[in-house]
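Descriptive structure summary
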Amino acid sequence: MGMRKVAVVGAGMTKFVRRAQETGKELSYEATKMALDYCDLTLNDVDCVVHGTAPDTFDGVHMKGEYLSDGSGGWRKPYTRCYVGGGTGVFTPIHGWYHVASGMFDICLVVCEEKMSSCQPHPQGAFLTIFDHTTERPLGPNLLWIFAMEMNRYMHTYGLKKEDIALVSVKNKRNAANHPCSLLGDADITLEDVLNSEVLAWPVQRLDVSPVTDGAVALVLAAEHVARRISDKPVWIEGVGWNLDTAYWTNRDLCYPRYVENAARMAYDMAGITEPRKQIHIAEPYDPFDYKELHHLEGLQLFDRGKAPEATALGITQRDGDLPVCPSGGLLGVGNPIAAAGLMKVAELFWQLREEAGARQVPGQPKRGVAQAWGDLMQVGTVIVMGV
Amino acid sequence: MTQKIEKFPGVYLRESDFREGRVIFNEWKPNAQYAWDAGVAIGRYLAELKEGRLIGVHCRGCRRTVIPPRNFCEWCFRPMDDWVTLPDTGTVNTFSLCYVTWDMQYLDVPEISAVIDIDGTMPPVGIMHMLGDVDPDAVRIGMRVQAVWKPAEEREGSILDIKYFRPMTNDK
Amino acid sequence: MSENVAIVGIGYTSFRPLTPELSYKELMYEAAVKAYEDAGLDPRRDVDSFVTVAEDLIEGTSIFDEYVPDQLGGLLKPNVTIPGEAIHGLATAYMQIASGIVDVVALEAHSKASNVLTLPYITAYAMDPVLNRPLGANPAFIAGMEMTRYLHVSGATREQCALVVAKNKRNALYNPAAAYGAAIEAEDVLNAEMIAYPLTQQDISPHADGAIVLVLAAADVAESLTDVPIWIRGIGWCNDSPTLETRAWGRAIYAEEAGKRAYRMAGIRNPTEEVDFAEIDDAYSYKELQHLEALGFCRFGEAGLITAEGVTDVNGILPVNVSGGSLGVGHLLDASGLRAVAEVAMQLRGEAGARQLPDIETGLAFGWRGVPSTSGAAVVLSN
């Protein structure tokens, strides 16, 4: 059986807002309709639908995949939902990829949605339930704890200071000022703003974190023979990889995301990339917290361990730098509707590689980009390499 | 963005929209209750906690001792070989000073969560717990700590049978 | 394309109403060890990818995929969770192999229904939050309403549905892994306590705990591992409307579409002649009849008649749910479909012991996600 070539031919997204009026179904519909319109297709042309969405406890519906199926175009069609926590946003296009690469379908709709605002009194509370019910939940843990602990370990291991890390937040929030869907874009934010923001869970401060958000993103994938017919510039999925580390997260050293490295190697292998630092022109690593961008850049083999902060300080990861990172503005700037956030990064690569990113366009005609998402108890890496 | 897309959908609602009755909404409180079977490995862990002890397991093939217990070694996939009673002391691997609760209430005095590598595990592995009896500014990675237990009659067979870990008074 | 992925390993725990001595991780480990032993594989070395089927609110833990890799041998390997029917997970594993990115995939599903204290409330939590939930009704009413409509349009009777219950529970007496085998008659079913008219307590399959792991492999690997690879000849899945107000109520359109796609891929034009036996979702008694028609084993309105005639008995011309189905084995929530696939595969291998069917080549397994969904998946297997 062959591995058929698959391309992204259309993309759409809603604004990322703190609290949307639209229901989850409506958010899914808006993004999906936009993606189909982008490549002049209708639902009749679509062979299958895949949906990615993170904890059901946010939207407040059990079997959330079923509830969202009609809004995502899944009526009377083959429809499945996939789920790897925060990694879902980049896993869902991978799930769509093998729907087409396997030869079973030619045109696949990929939809990611999150409506976190439904959860009261604060969506943060839903994260309590990700911890082990017997050995950890009784302690009343907060999601911020484990991020803060991982950030602390990373800083300790490589001798980093808050200043080294906060630069990422500044870069991404400034980049997001050029993103029409962004929640937190701020062209004028400074390093002092981030360092002076209130401490939530030391070492994590308020402006180190991306907030709870609602939103949806959709892509249209097509097999090669279809893509060449309907798109003037298909963006090919050249490599996919995914990897999950142990549930016993307290048994590992948190300073390095080895699961991101494994996922990246799987994707680079498939894409035939032997020198990622030269062959990757844009990176969209998952950045729910500023230190995570650095952590993931190292896992993606784009910088040596502990060296990503230095590269940031030197401006290498700016839009006009040698390796632009999160030109979209990332989660820190655009917002973090968990599954949709990851897919937003893949959509960004789609627009960047087609040179349609407007004010966010990375110069120099980039040809290849990598998007990565992450989640769970500091465990999962999902990576996709796209190229034109 | 791309020239093809002019307007992005998404209507932003504000807290005031709800307070002032401009938005209709309904509420639902889920009734989701579970009684999880602890099983062999965690069942023993809880029973030992009730006795004021920490217990781990050992894989002879991988020559590793880990906590919390599990009946399989995830590295080699063989069943774990031995139970190992562990000391209730350890080293802080990482920690955080948290000024908000799980449902975003603000705290004046931070909760200090930590991963504590337990002595006797090999290579060192940790469990998550809280630190107490310590000045938040004095907490360091590498600090040696000791469990503070609830009195025997209050212990239930729960991770909370340990109240918290505090700095050891003399270093080993 | 259709004969390039096979089932090479099967492992499962027994299915029981309670499993108090084992945690879900320990159940999964047991099923996994058996499956890898059966396949002759070391998961740490030979299995490329892991697919689990689970729903957060059934497990009581959000982002449940966090907790799966260790006990399956999937540490630091590709893992994904599919919140769907187990056969959706099978489709995922199939496509991963067919795409060429991996060769060997382990697929897992389990039920710890006994640990869910408020299961009907959680099922209600799957209903539309604005239009349906506020009615505050036990979601069993959705199945009751569908049964009423189904009986009305098909002409099937409550007695014929009760015969399904008697058949399946009797079949389960020959299945050592089954929890609810019983020698009862249709009358006992009709006289049982009414739960949601016209469903009595006996029309509703009771829950059971247990875990199942299958190992799938690409053709060349499969042939080197076993003399009896069980080939996935066709697989299909489909959703109808999730909304109660806009779905079709009498016919199981999701099953019709899933079946058509699976048959097309398998090159099957006439299921009644080309499929020898089937394991078809019977979460509620009438569902077996409704699904039989939807999957093309008889014309619409005839399922009750052929059941009464004994066509679907263990010694009939189309044995259905020889394992006992959910009614006889126990309903394993979303893992039910994987139990059905395992049964079909074991039968095709000749490993079904006292309930072995003679001279079989092709079987079908069909799973449905239960109330309030209209989501189902079908797979055709051959030896």
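Model, not experiment: these values are computed from the prediction.

Each helix and strand in chain C was counted, giving 16 helices and 11 strands. With respect to the principal axes defined by its C-alpha atoms, chain C has extents near 55 × 45 × 35 Å. By the burial criterion, 68% of the 383 residues in chain C qualify as buried. In chain C, the proportion of contacts linking residues at least 24 apart, taken out of those at least 6 apart, comes to 77%.

With that out of the way, let us pick up the domain arrangement of chain C. Residue and element names in this part refer to chain C. Structurally, chain C comprises domain 1 (5–117 + 208–225) and domain 2 (128–205 + 230–382). Taking only C-alpha atoms into account, the centre of domain 1 sits 23 Å from that of domain 2. On the side of domain 2, 31 residues touch domain 1, which itself brings 28 residues to the contact. Those elements that place two or more of their residues in the side of domain 1 that touches domain 2 are strand 1 (5–12), helix 5 (86–98), strand 4 (104–112) and strand 7 (209–218). With six residues, the top contributor of residues to the side of domain 1 that touches domain 2 is helix 5. Of the residues in the side of domain 1 that touches domain 2, the class split is 19 nonpolar, six polar and three charged.

The subject of this paragraph is the interface of chain A and chain C. Taken together, the contact pairs 54 residues of chain A with 51 residues of chain C. Class assignment for the residues of the side of chain A that touches chain C results in 26 nonpolar, 19 polar and nine charged.

A separate point is the sheet that holds strand 4 of chain C. Residue and element names in this part refer to chain C. The nine strands are arranged 3-2-4-7-1-8-11-10-9 in an open sheet whose pairing can be described as mixed. Both edges of this open sheet fall to strand 3 (79–82) and strand 9 (277–280), since each of them pairs with a single strand only. Averaged over all adjacent pairs, the angle separating strand axes in this sheet is 25°, with direction ignored. In this sheet, strand 7 lies alongside strand 4 in antiparallel orientation, the contact comprising nine bridges.

The subject of this paragraph is the nonpolar core. Leu214(C) and Leu216(C) are the most contacted members of the largest nonpolar core, which totals 332 residues. With 12 residues, the top contributor of residues to this core is helix 14 (residues 338–353) of chain A. The residue makeup of this core includes at least three contributed by each of domain 1 (5–117 + 208–225) and domain 2 (128–205 + 230–382) of chain C.

Of the residues lining the interface, 40 residues belong to chain B; the matching set on chain A comes to 49 residues. Elements supplying a minimum of two residues to the side of chain B that touches chain A: strand 4 (89–100), strand 5 (106–118) and strand 6 (126–131) of chain B. It is strand 4 of chain B that provides the largest number of residues to the side of chain B that touches chain A, a total of seven residues. Class assignment for the residues of the side of chain B that touches chain A results in 28 nonpolar, nine polar and three charged. When strand 5 (residues 199–202) of chain A meets strand 4 of chain B, the two strands line up antiparallel, connected through two bridges. Bridged to Trp202(A) within strand 4 of chain B is Leu97(B).

All names here are of chain B. Pairing in this open sheet of three strands is antiparallel, and the strands run 2-1-3 from one edge to the other. Strand pairing shows two members of the sheet lacking a second neighbour, strand 2 (64–66) and strand 3 (82–86), which therefore form its edges. Each strand axis lies, on average, 35° off the axis of its neighbour in the sheet, ignoring direction. Pairing of strand 1 (residues 54–59) with strand 2 involves three bridges; the strand directions are antiparallel. Among the inter-strand pairings, Val57 is bridged to a residue of strand 2, identified as Val66.

This part takes up the packing of helix 8 (residues 158–172) of chain C against helix 13 (residues 285–294) of chain C. All names here are of chain C. The geometry of helix 8 relative to helix 13 is characterised by a closest axis approach of 7 Å and an angle of 100° between their N-to-C directions. Here helix 13 runs roughly perpendicular to helix 8, going by the angle between their axes. Together, Gln160, Cys161, Ala162, Val164 and Val165 of helix 8 and Ser285, Tyr286, Glu288 and Leu289 of helix 13 make up the contact between the two elements. Tallied by class, residues from the contact of helix 8 with helix 13 come to six nonpolar, two polar and one charged.

A cis amide bond, omega 0°, links Gln120(A) with the succeeding residue Pro121(A). Mapping Pro121(A) onto the fold places it in the loop between strand 4 (107–115) and helix 5 (143–158). The step from Tyr197(C) to Pro198(C) runs through a cis peptide bond, and the omega angle for that step is 0°. For Pro198(C), the location among the structural elements is in the loop between strand 5 (194–196) and strand 6 (199–200). Positive phi is not limited to glycine here, since Phe77(B) has a value of about 75°. The residue Phe77(B) is located in the loop between strand 2 and strand 3 in this model.

With that settled, consider helix 1 (residues 24–38) of chain A. Each α-helix winds once per 3.6 residues, and so residues spaced three or four apart point in a common direction. All names here are of chain A. Given a rise of 1.5 Å per residue, 15 residues ought to cover 21 Å, and the 21 Å separating the end C-alpha atoms of helix 1 matches this to within 8%. Across the 15 residues that make up helix 1, a large majority, 12, are buried. Inspection of helix 1 places Gly24, Lys25, Leu27, Ser28, Tyr29, Glu30, Ala31, Thr32, Met34, Ala35, Leu36 and Tyr38 among the buried residues, and these make up the whole buried set. Contacts from the buried residues of helix 1 go to strand 1 (6–13), helix 2 (56–59), helix 3 (64–68), strand 4 and strand 7 (214–223).

So, how was this worked out
Residues numbered from 1 in each chain as written. Chains lettered and ligands numbered in written order. Predicted model: local features only at pLDDT ≥ 70, side-chain atom pairs only at ≥ 80, totals over all residues. Helix = DSSP H or I, 4+ residues; strand = E, 2+ residues; numbered from the N terminus. Buried ≥ 20, exposed ≤ 12 C-beta atoms within 10 Å, placed from the backbone. Contact = placed C-beta atoms within 7 Å. Domains from an automatic or database assignment. Nonpolar A, V, L, I, M, F, W, Y, C, P; charged D, E, K, R; others polar. Pairing = 2+ DSSP bridges. Axes fitted to C-alpha atoms, helices over the stretch in contact; angles between N-to-C directions. Core = buried A, V, L, I, M, F, W, Y, C linked by C-beta atoms within 7 Å. Parallel < 35°, antiparallel > 145°, perpendicular 65-115°, else oblique. Expected span 1.5 Å × (residues − 1).

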